[in-house]
Amino acid sequence: MNFPKLFVLSSVAGGGKSTLIQKLREKHPEILFSVSCTTRSPRPGDKEGITYHFLSKEEFEKGISESAFLEWALVHDQYYGTPAKFVEDAFSVGSSVIMDIDVQGAGIVRSKLPGKVVTIFILPPNDAEWERRLRGRGTDSEENIVKRIKNGKLELERQNEFDHKIVNDDLDTALETLEKIIFSNLKESQETNFRNDSR
């Protein structure tokens, strides 16, 4: 019997968490990815239902009123939220889930699912590299980049609230560290529940 966990990855914009999740799921497709909902406009390369579920402001606010989100927040002037049903359905069949949400959302999810959530903060190697990555994406205006750096510095101040931290300096090394965190937590969860069942 599986004892699934919800692995929550947070980072500053441009920290590389999306790439890490993509690489992890290529190797471990059994870990399901929770696709967030957002009201932001799709960027080049974004795909509906894969990158995000893109909703209108009215659709999102209807979801809030119906308690459809495990967590939701207003970030960079856009709504983002985690569909509760996806996580519930995954857990019901014993599947673990990984999700990419902001610092505020990570705290909400952990409080709602105590004992089932592992939080991981992805850190850029340094400020200069972080800014280089943000500008290199070519998806944000200068005004947005300045806003993301300002917000990111506030998020970095909360990194110690997380169970684990990974410096994303080398992608392969960061991925290996992420795998170790995930599978050691799953093993520990299995062993703890086995001990409890044996009493």
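Residues numbered from 1 in each chain as written. Predicted model: local features only at pLDDT ≥ 70, side-chain atom pairs only at ≥ 80, totals over all residues. Heavy atoms only, no water.

A.B. asks: It is not clear to me how the packing of aromatic side chains should be interpreted in this structure. Could you clarify?
C.D. replies: The geometry of an aromatic ring pair comes down to the distance between the two centres and the angle between the two planes. For the coordinates displayed, the defined rule picks out 6 aromatic pairs. Here tryptophan 72 and tyrosine 79 contribute two aromatic rings whose centre-to-centre distance is 5.8 Å and whose plane-to-plane angle is 65°, an arrangement assigned as edge-to-face. Every member of this aromatic cluster is reached through a ring pair, and the members are Phe60, Phe69, Trp72 and Tyr79. (Phe/Tyr/Trp six-rings, centres within 6.5 Å; stacked < 30°, edge-to-face > 60°.)

A.B. asks: Looking at this structure, how should I read helix H3 (residues 84-92)?
C.D. replies: Spacing of three or four residues puts side chains on the same side of an α-helix, whose turn is 3.6 residues. The complete set of buried residues in H3 reads Ala84, Val87, Ala90 and Phe91. Burial along H3 is one-sided: seen end-on, the buried residues are contained in an arc of 135°. Exposed residues lying more than 90 degrees from the buried face of H3 are Lys85 and Ser92. Of the surrounding elements, those touching the buried residues of H3 are strand S1 (6-11), strand S2 (32-34), strand S5 (69-75), strand S6 (78-83) and strand S7 (97-100). Positive backbone phi, at 80°, marks glycine 94, one or two positions downstream of H3. (Buried < 20%, exposed > 50% of the residue type's maximum accessible area, 1.4 Å probe, protein only. Helix = DSSP H or I, 4+ residues; strand = E, 2+ residues; numbered from the N terminus. Arc of directions from axis to C-beta. Contact = heavy atoms within 4.5 Å.)

A.B. asks: Would you take a moment to explain the pattern of salt bridges for this structure?
C.D. replies: A side chain of one charge can pair with a side chain of the opposite charge when the charged atoms of the two come close. Within the structure shown, the criterion is met by 10 salt bridges. Salt-bridge contacts for lysine 62 lead to glutamate 66; the nearest nitrogen and oxygen are separated by 2.9 Å. For aspartate 89, the salt bridge is made with lysine 85, and the minimal N-O distance between the two is 2.8 Å. On the criterion of helical spacing, the pair formed by aspartate 89 and lysine 85 is a turn pair, its members being 4 residues apart in helix H3. On the accessibility criterion, lysine 85 (56% relative accessible area) is exposed. (Salt bridge = Lys/Arg side-chain N within 4 Å of Asp/Glu carboxyl O.)

A.B. asks: How should I be thinking about the packing of helix H5 (residues 127-136) against helix H6 (residues 142-156) in this particular structure?
C.D. replies: In a packed pair of helices, the relevant descriptors are the angle between the two axes and the axis-to-axis distance. Between H5 and H6, the least distance of the axes is 11 Å, while the angle of their chain directions is 140°. Between H5 and H6, the angle is such that the two are oblique. The handedness of the crossing between H5 and H6 comes out as right-handed. Between H5 and H6, the contacting residues are Trp130, Glu131, Leu134 and Arg135 on the first element and Glu142, Ile145, Arg148, Ile149, Gly152, Lys153 and Leu156 on the second. Looking at the contact of H5 with H6, its residues break down into 5 nonpolar, 1 polar and 5 charged. (Axes fitted to C-alpha atoms, helices over the stretch in contact; angles between N-to-C directions. Parallel < 35°, antiparallel > 145°, perpendicular 65-115°, else oblique. Left-handed = near helix turned anticlockwise from the far one by under 90°. Nonpolar A, V, L, I, M, F, W, Y, C, P; charged D, E, K, R; others polar.)

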